[in-house]
Amino acid sequence: MTTRVEIMNDFLAINVTPGKTIQDIVEASGSALPFGCRDGECGTCVVLIESGMEYLSDMTDKEKAVMQTIGESSPKARLACQMKITKPSGLVRIKY
């Protein structure tokens, strides 16, 4: 079973299995979503989850600290390099 991930800015849709990171998905799809450190420390890959937050891993302490440091307070905001798909049969819509 897969979850559909839509990267709205790039008009891309990818069906992926749970366990994949959003970074893996973006790199495999050819999306233009930018990454910096790729380790959840710089905040370059902040995205907004328009729908499907329930299919993603919980925010880590590192991710929370970076969001606070960069002043991002939207409940929809996440770091693409830190999130993983955790459940099948869903839809996750991402904007960057």
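Higher on the page you've got the structure.
So, here's what we can say about the structure.

Cut-offs applied
Residues numbered from 1 in each chain as written. Predicted model: local features only at pLDDT ≥ 70, side-chain atom pairs only at ≥ 80, totals over all residues. Heavy atoms only, no water. Core = buried A, V, L, I, M, F, W, Y, C linked by side-chain atoms within 4.5 Å. Buried < 20%, exposed > 50% of the residue type's maximum accessible area, 1.4 Å probe, protein only. Helix = DSSP H or I, 4+ residues; strand = E, 2+ residues; numbered from the N terminus. Contact = heavy atoms within 4.5 Å.

As for the nonpolar core
The biggest cluster of nonpolar side chains holds 23 residues, and the ones touching the most others in it are Ile22, Ala80, Ile85 and Val92. Among the secondary structure elements, those contributing two or more residues to this core are strand S1 (3-7), helix H1 (22-29), strand S3 (46-51), helix H2 (61-70), strand S4 (77-79) and strand S5 (91-95). Looking at this core, the element that brings in the most residues is H1, giving three residues. Not counting residues up to four positions away in its chain, the partners in contact with Ile22 are Leu56, Ala80, Met83, Ile85 and Ile94.

Looking at unusual backbone geometry
Even without being glycine, Phe11 reaches a positive phi, approximately 55°. For Phe11, the position within the fold is in the loop between S1 and strand S2 (12-16). Residue Arg38 is not a glycine yet carries a positive backbone phi of 65°. You can see Arg38 is positioned in the loop between H1 and S3.

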